[in-house]
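Observations on the three-dimensional arrangement
This is what each chain is made of:
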Amino acid sequence: MITIRNLSKVYESQDKKVEALKNINLTINKGEIFGIIGLSGAGKSSLLRCINLLETPTSGEILINGTDITKLRGAELRETRKKIGMIFQHFNLLMNSTVYDNVAFPLRINRVPEAEIEKRVLELLEIVNLSDKKDSYPSQLSGGQKQRVGIARALANNPDIILSDEATSALDPTTTESILSLLKDINKKFGITIVVITHEMDVIKHLCNRVAVIEDGVIVEEGSVIELISNPQASTSKRFLADMIAKLPNPDLIQEHNPTEEVLRISFFGEDANKPFISQMVKQFDVEANIIVGNIESIQDVQVGSLLVKISGSKENIDSAIDFLNNHNLRIEVLKNGSC
Amino acid sequence: MEAANLISYLSELVDLVLPSLWETLYMVFFSTLFAIILGLPLGIILVITDKGHIWEKPKLNRTLGLIINMARSLPFIILIIAIFPLSRLIIGTTIGPTAAIVPLSIAAAPFVARIIESSLKEVSWGIIEASISVGATIPQIIFKVMLPEAMPSLVLGITLTVINILGYSAMAGAIGGGGLGDLAIRYGYQRFQTDVLIAAIIILIVLVQIIQSIGNMISRKLDKR
Ligand SMILES: Nc1ncnc2c1ncn2[C@@H]1O[C@H](COP(=O)(O)OP(=O)(O)OP(=O)(O)O)[C@@H](O)[C@H]1O
Ligand SMILES: [Mg+2]
């Protein structure tokens, strides 16, 4: 378990101070995949790099399994780092060493006997599916393969935690997906806690159990991924989720207000997605419903969707229909002229 | 000139030039070796004590940089004369190729330090952070990460050093150090034997070409980027 208490980080150069992290409090449970999402410059890397003390916190505590690592120095700190693997956006591999030697590197640093190293490296290359590339050099690999080497290296010392700093940001969507599922497998198989930072909501959606949204060095929202997606509070969260919200293809679809017609945005998730609420509404209240746009996504086996529906009928019937929907635990927004 | 005469002329020339060539190779080899032994640690220290690096020591960094710059701004010929007494102390004489190795090594060391510094600075900070994150110690980062990663560029730097020392060694010859430079001056300049001068020059040119080609080849072999 990682507990971060009152963590602050101030970067000081000659003339200016940057407050990159402001009083961060966060708990990351053992064995979960925790995401930290934020815009560029929000402080994601600073936060992640404090967890293995690549960056020294200005104040605050970081407890890993009860030990405050900010107090560690020298050999103790190095031993702790061996149990925290890290993967990087730009892979950071030894370019003049083979795949095998890159994966063996942390073990050699740890003075593991060479025979044991060989066994472990071959096992790791099997896990990341790169056994056939063991004698290649990084320059001969694709981005995705390089990241697999990075992951194998991070796993070498059997870490309790893996920190991922934008590990998929340099990769194309298909490769990203395969790396994310590899990380997921590793989390499941070995129970390793994974902390990922990203600016891509997709990474959070596919990988994480819980998420924190960071904005200007402050955690503005924290919770399960489904909670965040179904009901985002902070403006940054809403911005990240904008793609998932059904939008009017053409603003002219809402003319000046007509009492017999309303455009509704209906957001739903979980079991509600499977209920035929629109057809029930149509039957029960004598209104017509015309679906303008909609999308449903399955996020970690939970259906999440957003629909734009134009309903027409008498004003009373429309009002009762909206009440009906509200009572079904759906989130309803009535779109007005000018909104989208 | 008849053929027999030509042959005896050439063999005389070879007999004259060959010992000097050996002296030069001997001086250059050992001077390079000692210059690296002196310069490599200095170059490493210059890099790792820099701001934000793995062993930040601003004062040491600045002082060392200053000393190296001062040593490098002295003309070589002055340095060599200034250091000659040291040769007497270490080797017991100030004459001959062995004695020249002392000033040559010392004069080239600051140059080597800068060459090594600039090669090591090319190593990406990301890979150094990756090694910190797996718990590497400072010596491990230097010897298992920085030096191997910089090796292709270090080899080119050392090639440049060898060629520089070759040039210096010719100058050392002028004040009794022996070697091809000494030969060229004694015969070519003082006795007007232009042919000996030309032979010495041709050999030096060929040596530089060979050294550079070997350096390039090794560097390319090592470079997997
Ligand atoms: N070494 C540093 N020195 C000074 N300021 C820094 C340093 N590192 C980061 N900062 C500043 O701290 C703030 C947070 O940076 P950080 O790298 O943590 O952001 P980020 O969320 O990771 O951004 P990105 O998505 O662009 O990587 C930024 O304003 C940045 O300019
Ligand atoms: Mg970052």
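Residues numbered from 1 in each chain as written. Chains lettered and ligands numbered in written order. Predicted model: local features only at pLDDT ≥ 70, side-chain atom pairs only at ≥ 80, totals over all residues. Heavy atoms only, no water.

**Describing the UniProt feature "domain: ABC transporter" (unreviewed entry) in chain A**
The condition is simple: UniProt positions are given in the numbering used here, feature names are shortened, and annotations may be inferred rather than shown by experiment. Numbering goes from the N terminus for both helices and strands, where a helix is a DSSP run of H or I of at least four residues and a strand is a run of E of at least two.
The UniProt record marks residues 2–241 of chain A with the feature "domain: ABC transporter" (unreviewed entry), using the residue numbering of this structure. Each end of residues 2–241 of chain A is marked by a C-alpha atom, and these two atoms are 27 Å apart; helix forms 39% of the span and strand 28%.

**Some remarks on the sheet that holds strand 4 (residues 59–64) of chain A**
Inclusion rule: Two strands form a pair only when DSSP identifies at least two bridges running between them.
Strand order in this open sheet of 4 strands is 2-1-4-5 (chain A), and the pairing throughout is antiparallel. Strand pairing shows two members of the sheet lacking a second neighbour, strand 2 (17–28) and strand 5 (67–68) of chain A, which therefore form its edges.

**A word on the UniProt feature "transmembrane region" (unreviewed entry) in chain B**
Residues and elements named next belong to chain B. Mapped onto the present numbering, the UniProt feature "transmembrane region" (unreviewed entry) falls on residues 25–48, 60–84, 90–113, 154–176 and 196–218. Helix makes up 92% of residues 60–84 and strand 0%, with an end-to-end C-alpha separation of 28 Å. Helix makes up 100% of residues 154–176 and strand 0%, with an end-to-end C-alpha separation of 32 Å.

**Brief notes about the UniProt feature "domain: ABC transmembrane type-1" (unreviewed entry) in chain B**
UniProt records the feature "domain: ABC transmembrane type-1" (unreviewed entry) at residues 21–215 of chain B, using the numbering of this structure. Between the end C-alpha atoms of residues 21–215 of chain B the distance is 20 Å, and the span holds 86% helix and 0% strand.

**As for the packing of aromatic side chains**
Two aromatic rings are characterised by how far apart their centres lie and by the angle between their planes. So the rule is basically this: Two rings belonging to Phe, Tyr or Trp (six-membered ring only in the last case) form a pair when the distance between their centres is within 6.5 Å. Interplanar angles under 30 degrees mark stacking, angles over 60 mark edge-to-face geometry, and anything in between is tilted. Exposed residues in this analysis have more than 50% of their type's maximum accessible area, buried residues have under 20%, and partly exposed residues fall in between, with area computed by a 1.4 Å probe over protein chains only. The rule for a charge over a ring is simple: NZ of Lys or CZ of Arg within 6 Å of the ring centre, and within 35 degrees of the ring normal.
All chains considered together, the criterion is met by 5 aromatic pairs over all chains. Ring geometry for Phe-268 of chain A against Phe-277 of chain A: centres 5.7 Å apart, planes inclined by 65°, an arrangement best described as edge-to-face. Residue class for Phe-277 of chain A comes out buried when judged on its relative accessible area of 5%. Put simply, the rings of Tyr-26, Phe-29, Phe-30 and Phe-34 of chain B pair up and form one aromatic cluster. Over the face of the ring belonging to Tyr-187 of chain B we find Arg-191 of chain B, whose NZ or CZ atom lies 4.3 Å from the ring centre.

**Considerations on the environment of Pro-148 of chain B**
Where we set the bar: Residue contacts are defined here by distance: any two heavy atoms, one from each residue, within 4.5 Å place the two residues in contact.
Along the chain, Pro-148 of chain B turns up in helix 6 (residues 138–177). When the C-alpha atoms of Pro-148 of chain B and Arg-72 of chain B are compared, they prove to be 27 Å apart, with 76 residues separating the residues in sequence. Contact partners of Pro-148 of chain B, with chain neighbours within four places excluded, come to Asn-96 of chain A together with Ile-142 and Phe-143 of chain B.

**Quick look at the site of ligand 1**
All names here are of chain A. Put simply, the rule is: A single heavy atom is enough: if one lies within 4 Å of a molecule or strand, its residue is considered near that molecule or strand. Between N or O atoms, a polar contact is any pair within 3.5 Å; within protein, one atom must be a potential hydrogen donor and the other a potential acceptor, and residues adjacent in sequence are included only when both atoms are from side chains. Here the open area of atoms and residues is found with the Shrake-Rupley method and a 1.4 Å probe, where only the protein chains shown may cover a residue.
Looking at ligand 1, the residues that line it are Tyr-11, Val-18, Ala-20, Leu-39, Ser-40, Gly-41, Ala-42, Gly-43, Lys-44, Ser-45, Ser-46 and Glu-166. Contact distances for ligand 1 include 2.8 Å between an oxygen atom and a side-chain N or O atom of Ser-45. For ligand 1, the accessible surface in isolation is 630 Å², of which the surrounding protein chains cover 58%. Listing elements by their share of the shell around ligand 1, those giving two or more residues are strand 2 and helix 1 (44–51). The biggest single contributor to the shell around ligand 1 is helix 1, with 3 residues.

**Description of the interface of chain B and chain A**
One frequently used descriptor of interface size is the decrease in accessible area upon assembly of the parts. Put simply, the test is: Two parts lose some accessible area (1.4 Å probe) when they are put together, and adding that loss for both gives the buried area. One speaks of a salt bridge when a side-chain nitrogen belonging to Lys or Arg is within 4 Å of a carboxyl oxygen belonging to Asp or Glu. For this scheme, ten residues count as nonpolar: Ala, Val, Leu, Ile, Met, Phe, Trp, Tyr, Cys and Pro. Four count as charged, namely Asp, Glu, Lys and Arg, and the remainder, Gly too, count as polar.
Across the boundary between the two partners, chain B contributes 21 residues, which contact 24 residues of chain A. Interface of chain B and chain A: buried area, both sides summed, is about 1900 Å²; carbon and sulfur atoms make up 60% of it. Three residues stand out in chain B for area buried against chain A, namely Ser-133, Val-134 and Lys-224 of chain B, and they jointly supply 30% of the buried area on that side. Where chain B touches chain A, the interface holds 1 salt bridge. Glu-129 of chain B serves as the salt-bridge partner of Arg-49 of chain A, at 2.6 Å between the closest nitrogen and oxygen. Applying the counting criterion to the chain B and chain A interface returns 8 residue pairs in polar contact (both at pLDDT 80 or more). Elements represented by at least two residues in the side of chain B that touches chain A include exactly helix 5 (125–133) and helix 6 of chain B. Among the residues forming the side of chain B that touches chain A, the class breakdown is 9 nonpolar, 6 polar and 6 charged.

**Some thoughts on the packing of helix 3 (residues 76–90) of chain B against helix 6 of chain B**
Relative placement of two packed helices is described by the angle separating their axes and the distance separating the axes. All names here are of chain B. Our working definition: Lines fitted to C-alpha atoms define the axes, with helix axes restricted to the stretch in contact, and inter-axis angles between N-to-C directions lie between 0 and 180 degrees. Oblique is the label for every angle not falling under 35 degrees (roughly parallel), over 145 degrees (roughly antiparallel), or within 65 to 115 degrees (roughly perpendicular). In this scheme, a crossing is called left-handed if the near helix is turned counterclockwise away from the far one by less than a right angle; it is called right-handed if the turn is clockwise.
Taken N-terminus to C-terminus, the directions of helix 3 and helix 6 make an angle of 55°; their axes are 10 Å apart at the nearest point. Relative to helix 6, helix 3 is oriented oblique. When the axes of helix 3 and helix 6 are compared, the crossing they make is right-handed. Where helix 3 approaches helix 6, its residues Phe-76, Ile-77, Ile-80, Ile-81 and Phe-84 are matched on the opposing element by Tyr-168, Met-171, Ala-172 and Ile-175. Taken together, the residues of the contact of helix 3 with helix 6 sort by class into 9 nonpolar, no polar and no charged.

**Quick look at the domain arrangement of chain A**
Residues and elements named next belong to chain A. Applied cut-off: Where a domain begins and ends is set by an automatic assignment or by a domain database.
Assigned domains within chain A: domain 1 (2–231) and domain 2 (251–334). A separation of 42 Å is found between the C-alpha centroids of domain 1 and domain 2. Contact residues are listed per partner, giving 11 residues for domain 1 and 7 residues for domain 2. Both faces combined, the contact of domain 1 with domain 2 buries some 730 Å², and carbon together with sulfur accounts for 59% of it.

**Here's the deal with unusual backbone geometry**
Within the chain, Asn-129 of chain A stands out as a residue other than glycine whose phi angle is a positive 65°. Residue Asn-129 of chain A is classed as exposed on the basis of its relative accessible area of 60%.

**Structural notes on the pattern of salt bridges**
Within the structure shown, the criterion is met by 21 salt bridges over all chains. Between Arg-210 of chain A and Glu-222 of chain A there is a salt bridge, with its nearest N and O atoms 3.4 Å apart. Taken together, the residues Arg-210 of chain A in strand 9 (residues 210–215) and Glu-222 of chain A in strand 10 (residues 218–224) connect sequence positions 12 residues apart. Note on Glu-222 of chain A: relative accessible area 39%, which makes it partly exposed. We note a salt bridge from Glu-261 of chain A to Lys-310 of chain A, for which the minimum N-O separation is 3.8 Å. Taken together, the residues span a long stretch of sequence, with Glu-261 of chain A in strand 11 (residues 261–269) and Lys-310 of chain A in strand 13 (residues 302–312) at a distance of 49 residues. The class of Lys-310 of chain A is buried, set by a relative accessible area of 18%. A network of salt bridges, in which partner residues are shared, links Asp-50, Arg-114, Glu-117 and Lys-121 of chain B.

**Description of helix 3 of chain B**
All names here are of chain B. Worth spelling out the cut-off: Expected helix span is given by 1.5 Å per residue-to-residue step, counting one fewer step than there are residues. One axis fitted to the seven residues ending at a residue, another fitted to the seven starting there: the angle between these axes is the bend at that residue.
Here helix 3 is 15 residues long and its end C-alpha atoms lie 20 Å apart, about the 21 Å a rise of 1.5 Å per residue gives. Bending of helix 3 peaks at approximately 35° at the position of Phe-84, with proline Pro-85 no more than four residues after it. Every buried residue belonging to helix 3 is among Phe-76, Leu-79, Ile-80, Ile-83, Phe-84 and Ser-87, and all of these are buried. Contacts made by the buried residues of helix 3 are with helix 4 (97–121) and helix 6. Note on helix 3: the residue one or two positions beyond its end, Gly-92, has a positive phi of about 100°.

**Observations concerning the pairing of strand 1 (residues 2–12) of chain A**
Every regular strand shows the same layout, with side chains that alternate between the two sheet faces. All names here are of chain A. Relative to strand 4, strand 1 runs antiparallel, the two sharing 5 bridges. Note that in strand 4 the partner of Arg-5 across the bridge is Glu-61. Sheet analysis places strand 1 next to strand 2, joined by 8 bridges and oriented antiparallel. Counted as the bridge partner of Ile-4 is Leu-26 from strand 2.

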